[in-house]
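Structure assessment
These are the residues of each chain, in order.
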Amino acid sequence: MRLILLGAPGAGKGTQANFIKEKYNIPQISTGDMLRAAIKAGTELGIAAKKIMDAGGLVSDDIMIGLVKNRLKDADCANGYLFDGFPRTVAQADAMKDSGIHVDYVLEIDVPDASIVERMDGRRTHPASGRSYHVKFNPPKVEGVDDVTGEALIQRDDDKAETVKKRLEVFHNQTEVLLGYYNDWAKSGTPGAPKYRRISGVGPVEQIRDSAFAALAE
Ligand code: AP5
Ligand code: ZN
């Protein structure tokens, strides 16, 4: 299984990626998690990316495309992969296509902007794994603690209301166009075109998981 999860910031890409990667036993390639790991490691990329991410902007296409291509060389990508947060621009999508990085499915998770700010506000993240929870909608078993490792949860720096607003703006201006890009490609029926599936991301997490599994089985 090779797929792309498309959706606004806070649509639940990371939450659903967790279920999908386990079911299909594939790695989750989250470009956001990769950048946060670079920030934590204090690399040059991390230092540059932090400023951009905290402002809600996008890291340059060249850097992101390079990061992803490198990641795909790893042995664990041989039998499939799940992209979470990539591609995010037409240039990134074109680069994937031109490099022959194939996907079987593009799964869009649709959540209206109105729900997003509340989701981000209550999000708590386990930095090492990228797992995320929500204080109200998806709480961890023990408050403030990751279910799997027992380590402390944090709030992401870019989850401030003002940054979330900017991230949503960037999504609408630069990423939303990819919904049509992939939908049109899927409809064209050209060889190598992915299947396009759209599910609602509003409702209980497990209900959305079941819709995602059903969409990927069609
Ligand atoms: P990234 O980490 O990719 O952030 P994002 O796309 O903005 O998405 P999020 O991680 O915020 O949301 P999500 O959809 O994963 O939702 P989640 O499951 O956590 O990117 C961060 C930054 O890195 C970017 O702004 C950019 O600067 C840079 N970057 C990354 N990739 C890049 C690229 N390719 N090119 C350029 N720059 C790039 O859920 C959110 C919350 O909602 C959680 O609290 C969760 O528990 C809760 N929740 C989930 N499902 C539900 C539900 N059904 N009901 C209620 N609450 C729910
Ligand atoms: Zn995420």
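For every chain, the first residue of the written sequence is number 1, and numbering continues from 1 onward in sequence order. For this description, chains carry letters from A and ligands carry numbers from 1, given in the order in which they are written. Local features in this predicted model are restricted to residues whose pLDDT is 70 or higher, and side-chain atom pairs enter the listing and the counts only when it is 80 or higher, whereas totals over whole chains, interfaces and linings include all residues. Side-chain descriptors were evaluated using all non-hydrogen atoms of the structure, hydrogens and water having been removed beforehand.

The name an unreviewed UniProt entry gives the protein is Adenylate kinase, with Janthinobacterium fluminis as the organism. UniProt positions are given in the numbering used here, feature names are shortened, and annotations may be inferred rather than shown by experiment. Reading the Subcellular location (unreviewed entry) entry of the UniProt record for the protein gives the comment "Cytoplasm". Entered under Catalytic activity (unreviewed entry) in the UniProt record, the comment concerning the protein runs "AMP + ATP = 2 ADP".

1. Focus on the packing of helix α1 (residues 13-24) against helix α9 (residues 205-217)
Two elements in contact, α1 and α9, have axes separated by 10 Å at closest approach and are oriented at 50 degrees. Here α1 is positioned oblique relative to α9, judged by the angle of their axes. Crossing geometry of α1 relative to α9 is assigned as right-handed. Here α1 contributes Thr15, Gln16, Phe19, Ile20, Lys23 and Tyr24 to the contact with α9, which in turn contributes Val205, Ile208, Arg209, Ala212, Phe213 and Leu216. For every element, the axis is a line fit to its C-alpha atoms; helices are fit only across the contacting stretch, and the angle between N-to-C directions ranges from 0 to 180 degrees. Only DSSP runs of H or I reaching four residues or more are called helices, and only runs of E reaching two or more are called strands; each is numbered from the N terminus. Oblique is the label for any angle not covered by the other classes, which are roughly parallel (under 35 degrees), roughly antiparallel (over 145) and roughly perpendicular (65 to 115). Note: crossing handedness is left-handed where the near helix turns anticlockwise from the far helix by less than a right angle, and right-handed where it turns clockwise. Contacts are assigned to residue pairs with any non-hydrogen atoms lying within 4.5 Å of each other.

2. Observations concerning the nonpolar core
For our purposes a nonpolar core is just a set of buried Ala, Val, Leu, Ile, Met, Phe, Trp, Tyr and Cys residues, chained together by side-chain atoms within 4.5 Å. Under the scheme applied here, a residue whose accessible area is under 20% of the maximum for its type counts as buried, over 50% as exposed, and between as partly exposed, the area being computed with a 1.4 Å probe on protein chains only. The biggest cluster of nonpolar side chains holds 26 residues, and the ones touching the most others in it are Ile4, Leu6, Phe83, Met96 and Tyr182. Looking at this core, the elements that each hand over two or more residues are β1 (2-6), α3 (44-54), α4 (61-72), β3 (81-84), α5 (90-98) and α8 (177-188). Here this core takes five residues from α8, the largest share from any one element. Non-local contacts of Tyr182, meaning those with residues more than four positions away in its chain, are made with Ile4, Leu6, Pro87, Ala93, Met96, Val106, Pro194 and Tyr196. By size, the runner-up hydrophobic cluster in this structure holds 23 residues, among which are Ala11, Ile109, Phe171 and Ala212.

3. Details of the UniProt feature "binding site: AMP" (unreviewed entry) in the protein
As annotated by UniProt and renumbered to match this structure, "binding site: AMP" (unreviewed entry) occupies Thr31, Arg36, Gly57, Leu58, Val59, Gly85, Phe86, Pro87, Arg88, Gln92, Arg156 and Arg167. Across 137 residues of sequence, these annotated residues are also dispersed in space, with a maximum C-alpha separation of 24.7 Å. Locating Gly85 in the fold gives a position in the loop between β3 and α5. You can call Gly85 buried: its relative accessible area is 9%. Among residues more than four places away in sequence, those in contact with Gly85 are Leu5, Lys13 and Thr31. On the secondary structure map, Arg167 appears in helix α7 (residues 161-175). The buried category is assigned to Arg167, whose relative accessible area is 12%.

4. Examining the site of ligand 1
The cutoff for a nearby residue is simple: one of its non-hydrogen atoms must lie within 4 Å of the molecule or strand. Around ligand 1, the structure places 36 residues, and the nearest of them are Thr15, Gly57, Arg88, Arg123 and Arg167. A distance of 3.3 Å separates an oxygen atom of ligand 1 from a polar atom in the backbone of Ala11. At the level of secondary structure, the elements contributing two or more residues to the shell around ligand 1 comprise α1, α2 (31-41), α6 (113-121), β6 (132-134) and α9. The dominant element in the shell around ligand 1, judged by the number of residues it contributes, is α2, at four residues. What qualifies as a polar contact is a pair of N or O atoms within 3.5 Å, subject to a donor-acceptor requirement within protein and to the restriction that residues adjacent in sequence count only when both atoms come from side chains.

5. Overview of the side chain of Lys13
Within the secondary structure, Lys13 is located in helix α1. Look at Lys13: it is buried, it has no salt bridge, and the nearest opposite charge is Asp84 at 4.9 Å. Setting aside anything within four residues of it in sequence, one finds Lys13 in contact with Leu5, Leu6, Gly7, Ala8, Asp84, Gly85 and Ile109. Positive charges come from Lys and Arg, negative ones from Asp and Glu, while His and the chain ends are left out of the count. When a carboxyl oxygen of Asp or Glu lies within 4 Å of a side-chain nitrogen of Lys or Arg, that pair is called a salt bridge.

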